[in-house]
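Breakdown of the fold
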Amino acid sequence: MKPTSTIVVLSIIGLLAFTNPKLDSYEQHIHQVITQEANKRDDLTRTLGTLFGGVASSFIASGTVRNNYVLFSTYDSDLGNRHLKFVGILGNFFQISDH
C-alpha cells in the first residue's frame, strides 16, 4: 500500500471512530423524533410531546443496549411490543428495523 493510500485509509478510520455517536447523542436523537412526531398531531399531542418528550427519551435511552464497534454503534430499544434498531455512524442515526 502506498503511503498516500495508508494516510487516506487511516484518516477515514479516524474520522469514523471520532464521529461514532455516544448514548447521549442517541437520547437527543430520540427526543427529536418524539418532538417531530408530536408536531404532526393535534395541539394537545404537540404540547404533551414538548412537555414529556425529554422524559420519554431518557426512559427509552436508559433501556437501550448500545453495541460499540469503534467505527460505528448499534442501538437496540424496546418500546413495549415494538423493537427499534438504529445504526449510529458519522454522528448520524439510521433506523434499520422497527418491529
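1. What to know about the overall build of the chain
A count of helices and strands for the chain gives three helices and four strands. Each helix and strand of the chain, ordered N terminal to C terminal, gives the series α-α-α-β-β-β-β. For the chain, the C-alpha atoms occupy an extent of roughly 60 × 25 × 20 Å along the three principal directions. When contacts within the chain are restricted to residue pairs at least 6 apart in sequence, long-range pairs at least 24 apart make up 43% of them.

2. A short note on a nonpolar patch on the surface
Together, Leu-44, Leu-48, Leu-51, Phe-52 and Val-55 line one region of the surface with nonpolar side chains, adding up to about 530 Å² of accessible area. On the basis of relative accessible area, Val-55 is assigned to the exposed category, the value being 57%.

3. Details of the layout of surface pockets
By volume, the largest pocket is sized at about 210 Å³. Listed by contribution, the elements that provide at least two residues to the lining of the largest pocket are helix 2 (23-39) and strand 3 (82-89). Among the elements that make up the lining of the largest pocket, the one with the highest residue count is helix 2 (four residues). Taken together, the residues of the lining of the largest pocket sort by class into seven nonpolar, one polar and two charged.

4. What to know about the confidence of the model for the chain
Looking at the chain as a whole, its pLDDT mean stands at 91, while 99% of the residues score no less than 70. When mean pLDDT is compared element by element in the chain, strand 1 (residues 65-68) scores highest at 97, while helix 3 (residues 43-62) scores lowest at 84.

5. Focus: the packing of helix 2 against helix 3
At a closest axis distance of 8 Å, the pairing of helix 2 and helix 3 adopts a crossing angle of 155°. What the angle tells us is that helix 2 and helix 3 run roughly antiparallel. Crossing of helix 2 over helix 3 shows right-handed handedness. Of helix 3, the residues touching helix 2 (which contributes Leu-23, Glu-27, Ile-30, His-31, Ile-34, Ala-38 and Asn-39) are Thr-45, Arg-46, Gly-49, Gly-53, Gly-54, Ala-56, Ser-57, Ser-58, Ile-60 and Ala-61.

How each quantity is defined
Residues numbered from 1 in each chain as written. Predicted model: local features only at pLDDT ≥ 70, side-chain atom pairs only at ≥ 80, totals over all residues. Heavy atoms only, no water. Helix = DSSP H or I, 4+ residues; strand = E, 2+ residues; numbered from the N terminus. Contact = heavy atoms within 4.5 Å. Patch = residues over 30% accessible without salt bridge, like charges linked within 9 Å, V, L, I, M, F, W, Y side chains within 5 Å. Areas by Shrake-Rupley, 256 points an atom, 1.4 Å probe, with all protein chains shown as cover. Salt bridge = Lys/Arg side-chain N within 4 Å of Asp/Glu carboxyl O. Buried < 20%, exposed > 50% of the residue type's maximum accessible area, 1.4 Å probe, protein only. 1 Å grid on protein atoms, 1.4 Å probe; cavity = no way out; pocket = protein on both sides within 12 Å on 5 of 7 lines; lining within 4 Å. Points joined across faces, edges and corners; volume = space filled by probe spheres on them. Nonpolar A, V, L, I, M, F, W, Y, C, P; charged D, E, K, R; others polar. pLDDT = per-residue confidence, 0-100. Axes fitted to C-alpha atoms, helices over the stretch in contact; angles between N-to-C directions. Parallel < 35°, antiparallel > 145°, perpendicular 65-115°, else oblique. Left-handed = near helix turned anticlockwise from the far one by under 90°.

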